[in-house]
Amino acid sequence: MGASGALHCGAVTRLGAGRVRACAIATAPSSFLVSGTTEMTNQEEAEMQVSELDLLSSMFPYEEEFAVTDQLALAELKHYAENESAEVPSSKVQFILNVKAEVPNASVVEFSMACALPFKYPTVPPEITVRSSLLSRSQQIHLNSDLKTYLMQNCSGEPCMLSARQWVKDYAAAYIDKELSSPSVTAAGAVQADVTTFTRLWIYSHHIYNKQKRKNIIDWAKELSLSGFCMPGKPGVVCVEGLQSSCEEFWSRVRRLTWKRILIRHREDVSLEGGGHAEIQSQRKFSTLEEKCFDAHGARGNHMDLGQLYHFLEEKGCADIFQMYFGVEGH
């Protein structure tokens, strides 16, 4: 499916001088990105990612339009871009862009773009998955395949999130009633329709003290058939695992509560063909979701023994997560 090329700065001049300047940074031509045959440095790529994220934040200030889902990854990226850290960020910045598009019958359909910026972006294209409740599995696969082709052909070497968003706005609605005429593609779609995604979310909170919140975490996990654990105190750690839709519903409920700071620190997704009960159960590292306290100490009894947490994670085959949370290797 054909599509127009990358957006230019004129598309957002209505936002005012300050934002036009940001746009000029985020949509700089390739001559700015590459000098002669010299590739961009990691530092330059990080700087361009930060500039583009700042632009998106200014253009789409409401959380229902644009939301960064991993604030720690964003903080790491900014520190690296500003030469405050020589350590390469450990996680990709992940965010959601929601797009409303009109369909022929004049109704409006919302599409959600789950986006991740690889560390080498914009030298390499972004990772984007588009979803909508009105798309069948085969339609979603077809849409995302075409979007990936568009990104590979048009967006390698320069920031392109605005272009990708516009592509979705212009073309995604056409996939809702799209019939796949190719037998081979239809067969592939039929196979993919049986694919289930198993998800594990690692959630970080500044602290978890409130008894009602702790009860909600346990109750909601049970309701949604999720396993994992919750470590209350400061900091607070929550892990939930199960069907992708159930994990996303859990996160949607939890993040609506009042927190000083809470975010998804890491996410794991595994595609399961068939997605039967036995296959889902085989992916679980935890049998149920329970609250875990590790030798609580401190004046308020709110600090856990992180050494014990590390050994618990090690027993569950999750030791690498410790460094993602705390920036140091456990022992």
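Refer to the structure presented above.
Below is a short write-up of the structure.

Cut-offs applied
- Residues numbered from 1 in each chain as written.
- Predicted model: local features only at pLDDT ≥ 70, side-chain atom pairs only at ≥ 80, totals over all residues.
- Heavy atoms only, no water.
- Helix = DSSP H or I, 4+ residues; strand = E, 2+ residues; numbered from the N terminus.
- Buried < 20%, exposed > 50% of the residue type's maximum accessible area, 1.4 Å probe, protein only.
- Contact = heavy atoms within 4.5 Å.
- Areas by Shrake-Rupley, 256 points an atom, 1.4 Å probe, with all protein chains shown as cover.
- Pairing = 2+ DSSP bridges.
- Axes fitted to C-alpha atoms, helices over the stretch in contact; angles between N-to-C directions.
- Polar contact = N/O pair within 3.5 Å; in protein donor to acceptor, adjacent residues only side chain to side chain.
- Phe/Tyr/Trp six-rings, centres within 6.5 Å; stacked < 30°, edge-to-face > 60°.
- Salt bridge = Lys/Arg side-chain N within 4 Å of Asp/Glu carboxyl O.
- Core = buried A, V, L, I, M, F, W, Y, C linked by side-chain atoms within 4.5 Å.
- Expected span 1.5 Å × (residues − 1).
- Arc of directions from axis to C-beta.

This next bit is on the overall build of the protein. When you go through the protein residue by residue, the secondary structure sums to twelve helices and nine strands. Across the 331 residues in the protein, those meeting the buried criterion constitute 44%. Across the protein, the fraction of contacts at a sequence separation of at least 24, relative to all contacts at a separation of at least 6, is 68%. Per element, the accessible surface of the protein, about 16,900 Å² overall, is 49% carbon and sulfur.

A few words on the sheet that holds strand β2 (residues 93-102). What the four strands build is an open sheet, ordered β1-β2-β3-β4; its pairing is antiparallel. Edge positions in the sheet fall to β1 (66-68) and β4 (127-131), since each has one partner strand and no second. The sheet shows a mean angle of 20 degrees between the axes of neighbouring strands, direction not considered.

Attention now moves to the environment of Asp-70. Within the secondary structure layout, Asp-70 lies in the loop between β1 and α4 (71-81). The class for Asp-70 is buried, based on a relative accessible area of 2%. Leaving out residues up to four positions away in the same chain, Asp-70 has contacts with Ser-91, Lys-92, Gln-94, Leu-263, Ile-264 and Arg-265. In this structure the side chain of Asp-70 is engaged in a polar contact, spanning 3.3 Å, whose partner is the backbone nitrogen of Leu-72.

The subject of this paragraph is the pairing of β2. Relative to β2, β1 runs antiparallel, the two sharing three bridges. By the bridge assignment for β2, Ala-67 is matched with Ile-96. Relative to strand β3 (residues 108-117), β2 is paired through ten bridges, and the arrangement is antiparallel. Looking at the pairing, Lys-100 lines up with Glu-110 of β3.

For the rest of this paragraph, the subject is α4. Owing to its 3.6 residues per turn, the α-helix aligns residues three or four sequence positions apart on the same side. Buried residues of α4: Leu-72, Ala-73, Leu-74, Leu-77, Tyr-80 and Ala-81, and no others. The backbone nitrogen of Leu-72 has a side-chain oxygen 3.3 Å away, supplied by the residue at the start of α4, namely Asp-70. Backbone geometry just downstream of α4 places Asn-83 in the positive-phi region, at approximately 60 degrees.

Relative to the assigned elements, Arg-200 resides in strand β5 (residues 195-205). We classify Arg-200 as buried; its relative accessible area is 5%. A distance of 2.8 Å separates a polar side-chain atom of Arg-200 from the backbone oxygen of Gln-283. Arg-200 has contacts with Cys-239, Val-240, Glu-241, His-266, Arg-267, Glu-268, Gln-283, Arg-284 and Lys-285, leaving out every residue within four places of it along the chain.

What follows concerns the side chain of Ser-58. For Ser-58, the position within the fold is in helix α3 (residues 42-59). Residue Ser-58 is classed as buried on the basis of its relative accessible area, which comes to 18%. In this structure the side chain of Ser-58 is engaged in a polar contact, spanning 2.8 Å, whose partner is the backbone oxygen of Leu-55.

Here the structure, examined in full by the defined rule, presents 13 aromatic pairs. For the pair Phe-286 and Phe-312, a centre-to-centre distance of 6.1 Å together with 35 degrees between the ring planes defines the contact as tilted. With Phe-286 in the loop between α10 (277-283) and β9 (289-291) and Phe-312 in helix α11 (residues 306-315), this residue pair connects regions lying 26 residues apart in the sequence. Ring geometry for Phe-294 versus Phe-312: centroids 5.6 Å apart, planes at 50 degrees, classification tilted. With Phe-294 in the loop between β9 and α11 and Phe-312 in helix α11, this residue pair connects regions lying 18 residues apart in the sequence. Just as Phe-294 is buried, Phe-312 falls in that class too. Linked through ring pairs, Trp-202, Tyr-204, Phe-229, Phe-286, Phe-294, Phe-312 and Tyr-325 together constitute an aromatic cluster.

This paragraph deals with the pattern of salt bridges. For side chains bearing opposite charge, pairing can occur when the charged atoms are close. Under the counting rule described, the total for this entry stands at 14 salt bridges. Between Arg-200 and Glu-268 there is a salt bridge, with its nearest N and O atoms 2.8 Å apart. With Arg-200 in strand β5 and Glu-268 in strand β8 (residues 262-273), this pair connects stretches of sequence that are 68 residues apart. Close ionic contact of Arg-214 with Glu-291 constitutes a salt bridge, the shortest N to O distance being 2.8 Å.

With that settled, consider the nonpolar core. Of all hydrophobic cores here, the largest spans 44 residues; its most connected members are Phe-95, Phe-111, Met-113, Ile-128, Met-161 and Val-168. Elements with a minimum of two residues in this core: α3, β1, α4, β2, β3, β4, α5 (137-154) and α6 (161-171). Residue contributions to this core peak at six residues, all from α3.

Next up on the list: α5. Here α5 is 18 residues long and its end C-alpha atoms lie 26 Å apart, about the 26 Å a rise of 1.5 Å per residue gives. If you check which residues of α5 are buried, you get Gln-139, Gln-140, Leu-143, Asn-144, Asp-146, Leu-147, Tyr-150 and Leu-151. Take α5 and look down its axis: the buried residues cluster within an arc of 160 degrees, on one side only. Residues of α5 that are exposed and point over 90 degrees away from its buried face: Lys-148, Met-152 and Gln-153. On the buried face of α5, the contacting elements are β4 and α6.

Just distances and angles here, no functional claims.
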